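As a plain string of letters, each chain reads:
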Amino acid sequence: MAIPRSLSLEDWDARYDALRRDGMGEPWYGGPLRRHLEAGGDTRLGALRFDDSPAALRLWNFLLTEEDRLREARAAGHKLVGAMKDLGTVPVLASAFPELTTFYVDGAWWIPCLMGTAIGALREADRLGVCDSFCPVRALLGAFVTGEHFPIPDLLVCSAGATCDDLSAVAQRVEGLGHPVFWWEMPHRRRADRGEPSATLPGGGIAPAEQVALVRDELGRVMGALCDLAGHRPESDALGGAIAQANRVRRTLGHLRTLAYTSPLCPMPALEMLICEMLAIHFCSDRGECIEVLADMIAEVESRVAEGVGVLGEAAVRVFWVNPVADLRVMNLLEICGGRLCGTEFLFSHALDAIPEDVEPMEALARTALADPMVGTCGERAERISRDLTRFGAEALVISRVPGASHCAFEGELVGREVAARCGVPVLEIEVPSFDDAVEPALRTRLEALIETARVKRKCAGEPRRTRWA
Amino acid sequence: MITVACSSFFVPPEWVAAHGFRPERLIPEAPVTEGCVACGEGMCPYARAMAHAALRDDVRAVVFAPTCDQQRRVAELSGTRRQDAATFLLHVPRVARSENCRRYYRSEIERLGRFLVEIGGRPPEREFLIETMSRFDAARDRLRRAAEARRLGTSSLSARTLAEGMVRFHRSGDPEVIDTVGRGAGERGKAGRTGRRRIALLGGPLFETDLAFFDWIEVAGGDIVLDGTENGERTLAAAFDMARLGDDPVGELVRAYFDAIPDVSRRSNDGLLNWVRDSAAAGRIDGVVLRHHVWCDQWMAEVPRIGEVAGVPVLAVDSSGRPDGRTRTRIEAFVEMLLAGVGG
């Protein structure tokens, strides 16, 4: 097996031609990556480094053609549901209706990551008074004005309550533009009081039964809105089937993460792993194809692991990453600095955990929604991160702040201190803007310092464990 | 009397008082810049000050009812920092038109009652609860009437004096403190208000130091006839319905607080926008000064819509909580513009 290489977009042109000459088959959305830059305006692709496998090519093409899929779904008579904030629950609910296609309109968060900041969506957000003191999700507001990045959904559904203020405020402005939003409540997850009935959540957390009941009832209202949109109730076992299919994706992804994050040699770059994890949220609008894409990725990773080849050297420091990055290039930078991704918490760990199949479906989805790391305390979040970090054997933790995000001002310090104390790993908190060119040297220096610290710690592994704050 | 501090207008003080405690609304005097316990970049200065205020050791417990993300984090911090661990987080549902949420708010009020009993309070006798609620209701009614009299021009109370009275009411936990509102203050005559521009002050919570806004606006030639900040009349619970109060006191708390208080955190927040529209029309408002804390997404995002529904010019001023010349100059320029009849 050839040693995997890291490719630029230019490199991929030649690689694509070679693969085609060798008979590589592609799904209908296949093609060279460059077209997304030239025709789609995804200018930031030119700044990224990619994995060279056909599986990664399919992954990228699947991700970058979602808008086409949504427009085709509408043309085929599907109703479009635009979910916001809950990250992983509403799409499962809606997939019980064969004529509904769901996507996350707050996925617009990623528009500047792919297209840069000189885009109409951000200009429109500015014009509407939602400036860059908000997190990149403000692109969502502009996208509703320009209509360029996704078709306007037939139904908008957004959770409110224990959520970030940026998204909530932006979604409210979207409603003010004349796009009604169906709001449903997500309470702040608390500990059960003494003697109070409670329920175990996916991922190991616990919530009072009263809160699970509230979320179940609220999801019941969402289900009502979906029934109205579809014009009928779902078939009797459709929701159970939807949960089983979602779990298939989650289990596949779980297997991929375990392989990628625990193998002695890193079999898949951080950037592609981030994209894979994102698929779990709403299957990139095509659940069946999503499973196929992930299956390809697993096959690639399994063959690399079996052959003992990787994309980085053995000395790469194992890093656990917290929060999504507003500039995808930073995932490349981690590897350039000598790190490798070994575990993540991108604010949607509840979309990776299996949905319970041994309880009534609405109850199962309520428990899953309540497992959202953002609705609980930083302490609980740190506990989960510590557990996963230990499981994946990570040697360092990066907490990536989202610029302007209401939660990031506070949680990084709390989570960092707690994980450092529990796991004894060096911790680095950085802020990644949507366009990192100006701060890249500083980010590089700080990541290098973290990697060096972890390497020193590795050498001193026989010495007593100390807590370090890099 | 033992004090229980409350962070928010969604915690009914009469409920705390009926359990035998003195309810005190936490209103920080000024921002905190030294010895900071929540000093991360991007931290709202008010949330940071609350984090400090909640650590006071002269209160038995702190009840948080956060309406924003950062206040929710502050509640967590308080829970881990307070030695007695007497911190209670009351979840105020944001979704306004859900019967599930209404029920949940009621359940949270009842859970707060159990917490208050656990920390040494007594379960309120029904008659005592009704009597306590009635006393607070009467005090709020007097505050509302004082505000209305200012709008009608039949009161000589200054806007600042009224605002200070509101703060004193929230902080004291004593409805009778209303009797002292305006007492001893140097009042401006009613005649002194003619020709001034009628201003609505809107926004989130104010530090005590922010009361300087009232003076600046007055000196510039304006008159705040509507205080829609978090300390002002906007967040006063609705008047109790005495017939329903007797049948179901807790249900009446839910109606007067959860159903009735218009706030920017509600989803949808059309309750707030309707309140702004109606109040601006009824108060014959000439302009709105919207004051928000730096990093407050909720208020910042709504500035354009508030301008639309109020139908008058809006000046949005961010503030770190320290009165500063830049803000004062902007306010003066805004009022001058209104006086000159520009932008109306």
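1. Let's talk about the overall build of chain A
Thinking step 1. In terms of helices and strands, chain A carries 18 helices and 12 strands.
Thinking step 2. What you see for chain A is a C-alpha radius of gyration of 21 Å, in line with the 23 Å of a compact globule of 470 residues.
Thinking step 3. The C-alpha extent of chain A, read off along each of the three principal axes, is 60 × 60 × 45 Å.
Thinking step 4. Within chain A, buried positions represent 64% of all 470 residues.
Thinking step 5. Long-range pairs, those at least 24 residues apart, make up 76% of the contacts in chain A with a sequence separation of at least 6.
Thinking step 6. For chain A, the accessible surface area stands at approximately 16,300 Å², while carbon and sulfur atoms represent 51% of it.
Thinking step 7. In chain A, 51 side chains carry a positive charge and 68 a negative one; their mean positions are 4 Å apart.

2. Observations concerning the overall build of chain B
Thinking step 1. The helix and strand tally for chain B stands at 12 helices and eight strands.
Thinking step 2. Taking 20 Å as the expected radius of gyration for a compact globule of 344 residues, we find that chain B reaches 20 Å, a close match to that expectation.
Thinking step 3. If you line up chain B on its principal axes, its C-alpha atoms span 60 × 50 × 45 Å.
Thinking step 4. Relative to its full complement of 344 residues, chain B shows a buried share of 63%.
Thinking step 5. Taking the contacts inside chain B whose residues are at least 6 apart along the sequence as the reference set, 74% of them involve residues at least 24 apart.
Thinking step 6. Taking the 48 positively charged and 49 negatively charged side chains of chain B as two groups, their mean positions are separated by 2 Å.

3. So, the pairing of strand S6 (residues 181-186) of chain A
Residues in a regular strand point their side chains to alternate faces of the sheet.
Residues and elements named next belong to chain A.
Thinking step 1. Burial runs high along S6: five of the six residues are buried.
Thinking step 2. The sheet contact formed by strand S5 (residues 155-161) and S6 spans six bridges and is parallel. Paired with Ala160 across the two strands is Glu185, which belongs to S6.
Thinking step 3. Tracing the backbone out of S5, into helix H9 (residues 165-176) and back to the parallel element S6 gives a crossover that is right-handed.

4. With respect to the state of the cysteines
Thinking step 1. Using the criterion set out here, one finds zero disulfides over all chains in the structure.
Thinking step 2. Between Cys131(A), a free cysteine, and Cys135(A), which holds the nearest cysteine sulfur, the sulfur-to-sulfur gap is 12 Å.

5. Points about unusual backbone geometry
Thinking step 1. With an omega of -5 degrees, the peptide bond running from Arg267(B) to Ser268(B) counts as cis.
Thinking step 2. Within the secondary structure layout, Ser268(B) lies in the loop between helix H9 (249-259) and helix H10 (270-282).
Thinking step 3. Within the chain, Leu87(A) stands out as a residue other than glycine whose phi angle is a positive 50 degrees.
Thinking step 4. Here Leu87(A) shows up in the loop between strand S3 (79-84) and helix H5 (90-94).
Thinking step 5. Of note, the phi angle at Trp295(B) is positive, near 75 degrees, even though the residue is not glycine.
Thinking step 6. Here Trp295(B) shows up in the loop between strand S7 (287-293) and helix H11 (297-310).
Thinking step 7. Overall, Trp295(B) belongs to the partly exposed group, its relative accessible area being 34%.

6. Let's talk about the sheet that holds strand S2 (residues 22-25) of chain B
Residues and elements named next belong to chain B.
Thinking step 1. Spatial ordering of the open sheet is given by S2-S1-S3-S4, a layout of four strands whose pairing is parallel. Lying at the two open borders of the sheet, with one neighbouring strand each, are S2 and strand S4 (87-89). For this sheet the average axis-to-axis angle between neighbouring strands, irrespective of direction, equals 25 degrees.
Thinking step 2. The pairing of strand S1 (residues 3-6) with strand S3 (residues 61-64) spans three bridges and is parallel. The residue of S3 that forms the bridge with Ala5 is Val62.
Thinking step 3. The strands touched by helix H4 (residues 99-118) within the sheet are S1, S3 and S4, with S4 carrying the most contacts at an inclination of about 170 degrees.

7. Describing the pairing of S3(B)
Residue and element names in this part refer to chain B.
Thinking step 1. In S3, alternate side chains face the same way, and those of Ala61 and Val63 on one face and Val62 and Phe64 on the other are all buried.
Thinking step 2. Pairing of S3 with S4 involves three bridges; the strand directions are parallel. Its bridge partner lying in S4, Val62 is registered against Thr87.

8. Structural notes on the side chain of Glu335(A)
Residues and elements named next belong to chain A.
Thinking step 1. One can find Glu335 in helix H14 (residues 329-336).
Thinking step 2. Arg340 is the oppositely charged side chain nearest to the buried, salt-bridge-free Glu335, at an N-O distance of 7.6 Å.
Thinking step 3. Those residues in contact with Glu335 that sit more than four places away from it in its chain are Pro269, Ala270 and Leu312.

9. Considering the interface of chain A and chain B
Thinking step 1. The interface of chain A with chain B comprises 47 residues on the first partner and 41 residues on the second.
Thinking step 2. For the pair chain A and chain B, the two sides together bury roughly 3,600 Å², of which 53% comes from carbon and sulfur.
Thinking step 3. Inspection of the region where chain A meets chain B yields two salt bridges.
Thinking step 4. If you look at where chain A meets chain B, you find 23 residue pairs in polar contact (both at pLDDT 80 or more).
Thinking step 5. Mapped by element, the contributors of at least two residues to the side of chain A that touches chain B are S5, H9, S6, helix H10 (209-230), helix H16 (378-392) and helix H17 (408-423) of chain A.
Thinking step 6. The leading source of residues in the side of chain A that touches chain B is H9(A), at eight residues.
Thinking step 7. Looking at the side of chain A that touches chain B, its residues break down into 18 nonpolar, 15 polar and 14 charged.

10. Here we look at the sheet that holds strand S5 (residues 197-203) of chain B
All names here are of chain B.
Thinking step 1. Pairing is parallel in the open sheet, where four strands are placed in the order S6-S5-S7-S8. Here the strands that pair on one side only, and so sit at the sheet edges, are strand S6 (222-228) and strand S8 (314-319). Ignoring strand direction, the axes of neighbouring strands in this sheet form an average angle of 25 degrees.
Thinking step 2. As paired elements, S5 and S7 share five bridges and run parallel to each other. Across the sheet, Ala200 pairs through a bridge with Val288, a residue of S7.

11. Quick word on the confidence of the model for chain A
Thinking step 1. Chain-level statistics for chain A give a pLDDT mean of 94 and a share of 98% at 70 or above.
Thinking step 2. Below a pLDDT of 50 lies the segment residues 464-470 of chain A, which in the model reaches 20 contacts outside its immediate sequence neighbourhood of four places, other chains included.

12. Observations concerning the confidence of the model for chain B
Thinking step 1. With 94% of its residues at a pLDDT of 70 or more, chain B has an overall mean of 91.
Thinking step 2. The ipTM assigned to the predicted complex is 0.94, against a pTM of 0.95.

13. Focus on the environment of Leu141(A)
Residue and element names in this part refer to chain A.
Thinking step 1. Residue position: Leu141 is located in helix H8 (residues 139-146).
Thinking step 2. Look at Leu141 and you get buried, because its relative accessible area is 0%.
Thinking step 3. Between the C-alpha atom of Leu141 and that of Val170, which follows or precedes it by 29 residues, the distance is 6.3 Å.
Thinking step 4. In this structure, Leu141 is in contact with Leu128, Val130, Val170, Arg173, Val174 and Leu177, ignoring residues within four places of it in sequence.

14. A closer look at the packing of aromatic side chains
Any pair of aromatic rings gets described here by the distance separating the centres and the angle formed by the planes.
Residues and elements named next belong to chain B.
Thinking step 1. On inspection of all chains with the given rule, the structure shows 14 aromatic pairs over all chains.
Thinking step 2. Geometrically, the ring pair formed by Phe88 and Phe115 is tilted, given 5.0 Å between the ring centres and 40 degrees between the ring planes. Of the two residues, Phe88 sits in strand S4 while Phe115 sits in helix H4, which places them 27 residues apart along the sequence.
Thinking step 3. With a relative accessible area of 4%, Phe88 lands in the buried category.
Thinking step 4. Under the relative-accessibility criterion, Phe115 is labelled buried at 11%.
Thinking step 5. Ring centres 5.2 Å apart and planes at 25 degrees place the aromatic pair Tyr105 and Phe258 in the stacked group.

15. Regarding the packing of H10(B) against H11(B)
All names here are of chain B.
Thinking step 1. At a minimum axis distance of 9 Å, the contact between H10 and H11 shows a crossing angle of 40 degrees. In terms of axis orientation, H10 runs oblique to H11. In this structure, H10 crosses over H11, and the sense of that crossing is right-handed. In this structure, H10 contributes Leu272, Leu273, Val276, Arg277 and Ala280 to the contact, and H11 contributes Trp299, Glu302, Arg305, Ile306, Val309 and Ala310.
Thinking step 2. Looking at side-chain class alone, the contact of H10 with H11 contains eight nonpolar, no polar and three charged residues.

Cut-offs and rules
- Residues numbered from 1 in each chain as written.
- Chains lettered and ligands numbered in written order.
- Predicted model: local features only at pLDDT ≥ 70, side-chain atom pairs only at ≥ 80, totals over all residues.
- Heavy atoms only, no water.
- Helix = DSSP H or I, 4+ residues; strand = E, 2+ residues; numbered from the N terminus.
- Rg over C-alpha atoms; globule rule 2.2 N^0.38 Å.
- Buried < 20%, exposed > 50% of the residue type's maximum accessible area, 1.4 Å probe, protein only.
- Contact = heavy atoms within 4.5 Å.
- Areas by Shrake-Rupley, 256 points an atom, 1.4 Å probe, with all protein chains shown as cover.
- Lys, Arg positive; Asp, Glu negative; His and termini not counted.
- Charge placed at Lys NZ, Arg CZ, Asp CG, Glu CD.
- Pairing = 2+ DSSP bridges.
- Right-handed = clockwise from strand over helix to strand, strands pointing away.
- Disulfide = S-S within 2.5 Å.
- Axes fitted to C-alpha atoms, helices over the stretch in contact; angles between N-to-C directions.
- Salt bridge = Lys/Arg side-chain N within 4 Å of Asp/Glu carboxyl O.
- Buried area = accessible area lost by both parts, 1.4 Å probe.
- Polar contact = N/O pair within 3.5 Å; in protein donor to acceptor, adjacent residues only side chain to side chain.
- Nonpolar A, V, L, I, M, F, W, Y, C, P; charged D, E, K, R; others polar.
- pLDDT = per-residue confidence, 0-100.
- Phe/Tyr/Trp six-rings, centres within 6.5 Å; stacked < 30°, edge-to-face > 60°.
- Parallel < 35°, antiparallel > 145°, perpendicular 65-115°, else oblique.
- Left-handed = near helix turned anticlockwise from the far one by under 90°.

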